[in-house]
Number of protein chains: 2
Amino acid sequence: MALVDHTATAFDSELQTLSRMILEMGGLVERQLVEAMEALTKRDDERGRRVIAADAAIDAMQRAIEERAVETIALRQPVAIDLREVIAILRIATELERIGDLAKNIGKRVLTINREHLPRQSMHGIGHLATLTLAQLWDVLDSAANHDIAKAIEVWKQDADLDRLYTSLFREILSGMMEDPGTVTVGIHLLFCTKNLERIGDHATNIAEAVYYMVSGRALLHERPKGDATSMVLAAMSG
Amino acid sequence: MALVDHTATAFDSELQTLSRMILEMGGLVERQLVEAMEALTKRDDERGRRVIAADAAIDAMQRAIEERAVETIALRQPVAIDLREVIAILRIATELERIGDLAKNIGKRVLTINREHLPRQSMHGIGHLATLTLAQLWDVLDSAANHDIAKAIEVWKQDADLDRLYTSLFREILSGMMEDPGTVTVGIHLLFCTKNLERIGDHATNIAEAVYYMVSGRALLHERPKGDATSMVLAAMSG
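Being a predicted model, the structure only gives us computed values, none of them experimental. (Residues numbered from 1 in each chain as written. Chains lettered and ligands numbered in written order. Predicted model: local features only at pLDDT ≥ 70, side-chain atom pairs only at ≥ 80, totals over all residues. Heavy atoms only, no water.)

1. Topic: the overall build of chain A
Move 1: Of regular secondary structure, chain A possesses seven helices and zero strands.
Move 2: For chain A, the succession of helices and strands along the chain, N to C, is α-α-α-α-α-α-α.
Move 3: Classification of the 239 residues of chain A by burial places 55% in the buried group. (Helix = DSSP H or I, 4+ residues; strand = E, 2+ residues; numbered from the N terminus. Buried < 20%, exposed > 50% of the residue type's maximum accessible area, 1.4 Å probe, protein only.)

Given below as structure tokens:
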């Protein structure tokens, strides 16, 4: 039994390291999103540039987690829930890396819309969407850390709220563009920024699915309640 | 040695099954992209609906591959290149599922822009971008099937061509919108369709990275040559 205990302990210690790395990476990604939104709302080019530069650290963390996870599987040969946990960590790292990319994309846009007039009401809506998105990210990383399946399901369900807010913002920005063609370029920037936030929400939902799988061993099978109805909005407004 | 041989053979057979499943899934995804583009260019609602409905089969394949891969790791406990191969298959399945989602998104737009005037020149450009994207997808799946690292690197590098074409299309569609504000809604649809194609190209590049990792055991480290300069275009045109 001593050998088994030793093996179990060695695996547990590896798993703790991996969990710590994921939480650290999650913290970096959350910070990137906050900074990108600050840069956008305050039209702060310098901050936008820092967000772009900081993305490399997130990419490096993903690679480090991946290498370590594969090493853990190879050396410790975990099975059942232990194996699922490592696989879930791999998936979560992939999702976080993509969220980092989307935050970087918002940072990039800051550099080009800095000097343009940003419609106050739309900016308020985008700020609200960003706050909800951050809360989803925070909650889902919490659910991962605590194996909290109920919280993961909650995040998964709440994505529909984000999608609804995204759709209403989309409609509002589009109205502005149609009323004043001089705002078409700034409008497109803002449409892509809101789309990036909506996609960050989708990635948080993917993390929720990974947590569900990790804890239960089953997939969250049902079609996610999707609320992105922007193509309907476009159809209605073009009539 | 008999036991080892037996184990190796059982693993090889599992791996063959997984590889076959990935190629089948890749075939489905390619077909979805072709069908979505046909639906868009021929304004074929019925075909658009079929694309939307067929996405569920792709999601199911991803889950099946994932379950089987995890089972294979648990039962066969592969190490080194064998383990990398299973991990790479997991990653490729994730990328293909996302490409499927993007093709579905194009299908959804067909239902709403069917009756609008589509600018002939932009549609020609989008068709060209779709053809290049499909070629990338075809090549990268080929590189995965044959462990062809040179071909994977080629796909990875060629993504810059797609990005350049995407940027020039973006500029063209945006010009149209600014010249004739009545085309703003159809223009936004087309911008999102071209963005979806550009993102499919990115996912093909992610698959190329997975193939590189699978064969070499190392990550394709250098920053990918990115050519999406649409924020620069917007800045230049808003001046």
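Back to the text.
2. So, helix α3 (residues 80–113) of chain A
Move 1: Between the first and last C-alpha of α3(A) there are 50 Å, a value that for 34 residues agrees with the 50 Å anticipated at 1.5 Å per step.
Move 2: With respect to burial, α3(A) is a largely interior element, 27 of its 34 residues being buried. (Expected span 1.5 Å × (residues − 1).)

3. Overview of the packing of helix α3 (residues 80–113) of chain B against helix α6 (residues 184–216) of chain B
Residue and element names in this part refer to chain B.
Move 1: Remark: α3 packs on α6, axes separated minimally by 9 Å, with the N-to-C direction vectors making an angle of 170 degrees. Relative to α6, the element α3 lies roughly antiparallel.
Move 2: Here the residues of the contact of α3 with α6 sort into 22 nonpolar, seven polar and eight charged. (Axes fitted to C-alpha atoms, helices over the stretch in contact; angles between N-to-C directions. Parallel < 35°, antiparallel > 145°, perpendicular 65-115°, else oblique. Nonpolar A, V, L, I, M, F, W, Y, C, P; charged D, E, K, R; others polar.)

4. Considerations on the side chain of Glu30(A)
Residues and elements named next belong to chain A.
Move 1: Secondary-structure assignment places glutamate 30 in helix α1 (residues 2–41).
Move 2: No salt bridge is formed by the buried glutamate 30, whose closest oppositely charged neighbour, arginine 31, lies at an N-O distance of 9.5 Å.
Move 3: In this view, glutamate 30 contacts Leu134, Leu137, Trp138 and Leu141; residues no more than four positions away in its chain are not counted. (Lys, Arg positive; Asp, Glu negative; His and termini not counted. Salt bridge = Lys/Arg side-chain N within 4 Å of Asp/Glu carboxyl O. Contact = heavy atoms within 4.5 Å.)

5. Observations concerning the packing of helix α6 (residues 184–216) of chain A against helix α5 (residues 149–179) of chain B
Move 1: Relative to each other, α6(A) and α5(B) sit at 130 degrees, their axes nearing to 11 Å. It follows from the interaxial angle that α6(A) and α5(B) lie oblique. The handedness of the crossing between α6(A) and α5(B) is right-handed. Contacts between α6(A) and α5(B) involve Val184(A), Thr185(A), Ile188(A) and Phe192(A) from the first element and Tyr166(B), Phe170(B), Leu174(B), Met177(B) and Met178(B) from the second.
Move 2: Grouping the amino acids of the contact of α6(A) with α5(B) by side-chain chemistry returns eight nonpolar, one polar and no charged. (Left-handed = near helix turned anticlockwise from the far one by under 90°.)

6. Things to note about empty space enclosed by the protein
Empty space among the atoms can be located by rolling a probe the size of a water molecule over them.
Move 1: Counted according to the given criterion, the structure contains one cavity of 30 Å³ or more.
Move 2: The computed volume of the largest cavity comes to approximately 30 Å³.
Move 3: As for the largest cavity, its lining consists of Ile188(A), Leu191(A), Phe192(A), Ile188(B), Leu191(B) and Phe192(B).
Move 4: Put simply, the parts of the chain that give the lining of the largest cavity at least two residues each are α6 of chain A together with α6 of chain B.
Move 5: Class assignment of the residues belonging to the lining of the largest cavity gives a composition of six nonpolar, no polar and no charged. (1 Å grid on protein atoms, 1.4 Å probe; cavity = no way out; pocket = protein on both sides within 12 Å on 5 of 7 lines; lining within 4 Å. Points joined across faces, edges and corners; volume = space filled by probe spheres on them.)

7. Focus on the pattern of salt bridges
Residue and element names in this part refer to chain B.
Move 1: Per the stated rule, a full pass over the model turns up 24 salt bridges over all chains.
Move 2: In this structure, arginine 47 and aspartate 44 form a salt bridge, with 3.4 Å as the shortest nitrogen-oxygen distance.
Move 3: Judged by its relative accessible area of 24%, aspartate 44 falls in the partly exposed class.

8. Description of α6(A)
All names here are of chain A.
Move 1: Along its 33 residues, α6 runs 47 Å from first to last C-alpha, staying within 8% of the 48 Å computed at 1.5 Å per residue.
Move 2: In terms of burial, α6 is largely enclosed, as 30 of its 33 residues are buried.
Move 3: Once α6 finishes, glycine 217 follows within two positions and takes phi at roughly 80 degrees, a positive value.

9. Notes on the environment of Glu198(B)
Move 1: Relative to the assigned elements, Glu198(B) resides in helix α6.
Move 2: In this structure, the C-alpha to C-alpha distance between Glu198(B) and Leu129(B), residues 69 residues apart in sequence, is 8.1 Å.

10. Section: the confidence of the model for chain A
Any region with low pLDDT has predicted coordinates that should not be read closely.
Move 1: Scored by pLDDT, chain A comes out at a mean of 87, with 87% of its residues at no less than 70.
Move 2: Averaged over each element, pLDDT in chain A is lowest for helix α7 (residues 230–237) of chain A (58) and highest for helix α4 (residues 120–145) of chain A (94). (pLDDT = per-residue confidence, 0-100.)

11. A closer look at the side chain of Ser143(B)
Move 1: Position of Ser143(B) relative to the elements: it lies in helix α4 (residues 120–145).
Move 2: In this view, Ser143(B) contacts Asp148(B), Lys151(B), Ala152(B) and Val211(B); residues no more than four positions away in its chain are not counted.

12. Comments concerning the packing of aromatic side chains
Move 1: Summed over the entire model, instances satisfying the criterion amount to five aromatic pairs over all chains.
Move 2: Between Phe192(A) and Phe192(B) the ring centres are 5.4 Å apart and the planes differ by 25 degrees, which places this aromatic pair in the stacked class. With Phe192(A) in helix α6 and Phe192(B) in helix α6, the pair connects residues from two separate chains.
Move 3: When its relative accessible area of 4% is taken as the criterion, Phe192(A) is described as buried. (Phe/Tyr/Trp six-rings, centres within 6.5 Å; stacked < 30°, edge-to-face > 60°.)

13. So, the environment of Ala144(A)
Residue and element names in this part refer to chain A.
Move 1: Considering the arrangement of structural elements, one finds alanine 144 in helix α4.
Move 2: Taking the relative accessible area as the measure of exposure, alanine 144 reaches 12% and is therefore buried.
Move 3: Placed 11 residues apart in sequence, alanine 144 and threonine 133 show a C-alpha to C-alpha distance of 17 Å.
Move 4: Discounting chain neighbours no more than four positions away, the residues touching alanine 144 are Ile92, Val211 and Met214.

14. Some points on the environment of Leu134(B)
Residue and element names in this part refer to chain B.
Move 1: For leucine 134, the position within the fold is in helix α4.
Move 2: Owing to a relative accessible area of 22%, leucine 134 belongs among the partly exposed residues under this scheme.
Move 3: Distance in space between the C-alpha atoms of leucine 134 and glutamate 30 is 6.9 Å, their sequence separation being 104 residues.
Move 4: In this view, leucine 134 contacts Glu30, Leu33 and Val34; residues no more than four positions away in its chain are not counted.

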